[in-house]
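Letter by letter, the chains look like this.
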Amino acid sequence: MVIQPFQKKVWLSTPTMHGEEQKWVDEAIRTNWVSTVGENINEVERLAAEKIGRRYAVGLATGTASLHLAVKLAGEKLYGQPKVGHGVLEGKKVFCSDMTFDATVNPVAYEGGEAVFIDTEYETWNMDPAALERAFELYPEVRLIVIAHLYGTPGKIKELREIADAHGALIVEDAAESFGATYRGIQTGNFGDVGVLSFNGNKIITGSAGGILLCDSQEDANKVRKWSTQSREDAAWYQHEEMGYNYRMSNIIAGIIRGQFPYLEEHIAQKKAVYERYREGLADLPVDLNPYSAEYSEPNFWLSCMLIRPEAMCRQVRGDKDALYVSESGKSCPTEILEILARNNAEGRPIWKPMHLQPIYRMNAFITRNGNGRARSNAYIRETGFRDVGDDIFNRGLCLPSDNKMTAEQQNGVIELIHRCFE
Ligand SMILES: *Cc1c(COP(=O)(O)O)cnc(C)c1O
């Protein structure tokens, strides 16, 4: 059988508008509330706080801006207000998820801090509690942890929380990819001392942009709202006592998010169906899907990903910007599969390249459950076969087309293409 390339591109993950978004955007324009104040923002904040089960939600311009203010808020609680021109984390180390999007960890550097990357575990592809424990042995002075839930799958929250509490550390929880996912029946975004959501264009619901900061104290919420609108003091003129930002959510953007909110659960159900179809369709291949603990968590299935078993990997070498592989019968690799998908008009994506492998973070410490993850020689890796977990998943894994509007027929085509790679 010859497969024809898809006539309509099969995407990784695209926005899905339902019509109600238009109503709230029009309402904002009709009533002239098009700036950073208005009913749509109030309503999005109310809906987000209610959904996640937190007392306060603050609407901000992006998930990245929300992460920045979340890190700053946690930093000021720990270390006090910095002098103007200085970051709140100067001279401080912060433990961070390693295998994630760089927006999770960059805010630590915005504030002058030094990220120490914590390796990943295989059960959920999130921060490894054993590596975090090890990191506290090496750096007992650390008081802040930034944790992401990758691809919509909750991490080992209970274990991570217990370690944080034992060391008096605060957690910033990046739930940008996992909005709507639950862990022991509780929404992600609820567990961190500060939580963050994103409504970027390819997330599970979107406002084209937008972010939310979640917290439980009114004082914190007011502080973040003030920072996000240039830190104006309550005075007759523009009076400034601390550094400000232009990070507030627009009431137009909020209108789109407001219109999307009723469809969150529907999108999750569609994404879950995509994941289940891959699980069935790929069951006969030497691959596994991105795992989760069915006992403790219900992911939002934002992206379906695939991990090739070690014995079924053909040779693949990745440089800084390109990759080579040697095609082998019965084996494949992410580079080959991504190439075949692209050639057939379908969009996959490599796994997030771990932060400790990124050139901008090459000087930062990286901790695995065995200790210093930078100390191993190539000879050690050859002998033991142990790369770190993040590097291993990056090498053997990829994100599959996971659009909620992908038809079963298109998905069967993708599954067939993947089978071809292993012939
Ligand atoms: C998308 C994303 C962000 C950033 O959100 P934006 O709204 O695009 O700024 C942060 N962290 C993770 C893990 C993300 O996937």
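Since we're looking at a predicted model, the values are computed, not measured.

Rules used throughout
Residues numbered from 1 in each chain as written. Predicted model: local features only at pLDDT ≥ 70, side-chain atom pairs only at ≥ 80, totals over all residues. Heavy atoms only, no water. Pairing = 2+ DSSP bridges. Helix = DSSP H or I, 4+ residues; strand = E, 2+ residues; numbered from the N terminus. Contact = heavy atoms within 4.5 Å. Axes fitted to C-alpha atoms, helices over the stretch in contact; angles between N-to-C directions. Buried < 20%, exposed > 50% of the residue type's maximum accessible area, 1.4 Å probe, protein only. Near = heavy atom within 4 Å. Polar contact = N/O pair within 3.5 Å; in protein donor to acceptor, adjacent residues only side chain to side chain. Nonpolar A, V, L, I, M, F, W, Y, C, P; charged D, E, K, R; others polar. Right-handed = clockwise from strand over helix to strand, strands pointing away. Domains from an automatic or database assignment. Buried area = accessible area lost by both parts, 1.4 Å probe. Salt bridge = Lys/Arg side-chain N within 4 Å of Asp/Glu carboxyl O. Left-handed = near helix turned anticlockwise from the far one by under 90°. Parallel < 35°, antiparallel > 145°, perpendicular 65-115°, else oblique.

A. Region of the structure containing the sheet that holds strand S15 (residues 349-350). Pairing in this open sheet of four strands is antiparallel, and the strands run S10-S12-S18-S15 from one edge to the other. Two strands lie at the open edges of the sheet, namely strand S10 (287-289) and S15, each paired on one side alone. Across the sheet, helix H10 (residues 334-343) lies against strand S12 (305-308), S15 and strand S18 (397-399), angled at about 25 degrees from S18, the strand it touches most.

B. Seen up close, the environment of valine 44. You can see valine 44 is positioned in helix H2 (residues 39-52). Judged by relative accessible area, which is 0%, valine 44 ranks as buried. For the pair valine 44 and glycine 255, spaced 211 residues apart in the sequence, the C-alpha separation amounts to 8.2 Å. Each residue touching valine 44, except ones within four places of it in the same chain, is listed here: Ile212, Met249, Ala254, Ile257, Arg258 and Phe261.

C. Region of interest: the environment of glycine 113. Inspection of the secondary structure assignment puts glycine 113 in the loop between helix H4 (106-110) and strand S3 (114-118). Through-space distance from the C-alpha of glycine 113 to that of glutamate 177 is 24 Å; in sequence the pair is 64 residues apart.

D. Representation of the site of the ligand. In the vicinity of the ligand lie 15 residues, with Thr64, Asp174, Glu177, Ser198 and Lys203 positioned nearest. Serine 198 has a polar side-chain atom sitting 2.7 Å from an oxygen atom of the ligand. Within the side chain of lysine 203, one N or O atom sits 3.3 Å away from an oxygen atom of the ligand. For the shell around the ligand, the leading source of residues is helix H3 (residues 63-79), giving three residues. Among the residues forming the shell around the ligand, the class breakdown is four nonpolar, eight polar and three charged.

E. The arrangement of the sheet that holds strand S6 (residues 182-183) in detail. Spatial ordering of the open sheet is given by S7-S6-S11, a layout of three strands whose pairing is antiparallel. The sheet is open, and its two edges are formed by strand S7 (186-187) and strand S11 (297-298), each paired on a single side. Relative to S7, S6 runs antiparallel, the two being bridged by two bridges. Each residue of the ladder has a partner; that of tyrosine 183, found in S7, is isoleucine 186.

F. Representation of the pairing of strand S5 (residues 170-174). Within S5, five of the five residues are buried, leaving the element largely enclosed by the surrounding structure. What you see with S5 is no split at all: Leu170, Val172 and Asp174 on one side and Ile171 and Glu173 on the other are buried throughout. Note that strand S4 (residues 144-148) and S5 share five bridges and pair parallel. The partner of isoleucine 145 across the bridge, within S5, is isoleucine 171. Note that the unit made of S4, helix H6 (residues 157-166) and S5 has a crossover that is right-handed.

G. Examining the domain arrangement of the chain more closely. Each assigned domain of the chain is listed with its residue range as follows: domain 1 (20-263) and domain 2 (264-421). Listed per partner, the contact involves 50 residues of domain 1 and 44 residues of domain 2. Here domain 1 packs against domain 2, burying approximately 4100 Å² in sum over the two surfaces, 60% of which is carbon and sulfur. Broken down residue by residue, the surface that domain 1 buries against domain 2 is led by Trp125, Tyr151 and Ile204, which jointly contribute 20%. Our count for the domain 1 to domain 2 interface comes out at two salt bridges.

H. How the structure looks around the packing of helix H9 (residues 264-281) against helix H13 (residues 408-421). Following both chains from N to C, one finds H9 and H13 inclined at 40 degrees, their axes separated by 10 Å at the closest point. Both H9 and H13 take part in a crossing whose hand is right-handed. On the side of H9, the interface is formed by Val274, Arg277, Tyr278 and Gly281, while H13 contributes Ala408, Gln411, Val414, Ile415 and His419. Counted by class, the contact of H9 with H13 contains five nonpolar, three polar and one charged residues.

I. Region of interest: the side chain of threonine 335. Relative to the helices and strands, threonine 335 resides in helix H10. Judged by relative accessible area, threonine 335 falls into the buried class, the value being 11%. Setting aside anything within four residues of it in sequence, one finds threonine 335 in contact with Gln316, Arg318, Ala323 and Tyr325.

J. Structural view of the packing of H2 against helix H8 (residues 251-260). It is the contact of H2 with H8, at a shortest axis distance of 7 Å, that shows an interaxial angle of 45 degrees. Classified by the interaxial angle, the pair formed by H2 and H8 is oblique. Like other packed secondary-structure pairs, H2 and H8 cross with a definite hand, here left-handed. For the pair formed by H2 and H8, the contact residues are Glu39, Asn40, Ile41, Glu43 and Val44 on the first element and Asn251, Ala254, Gly255, Ile257 and Arg258 on the second. Class assignment of the residues belonging to the contact of H2 with H8 gives a composition of four nonpolar, three polar and three charged.

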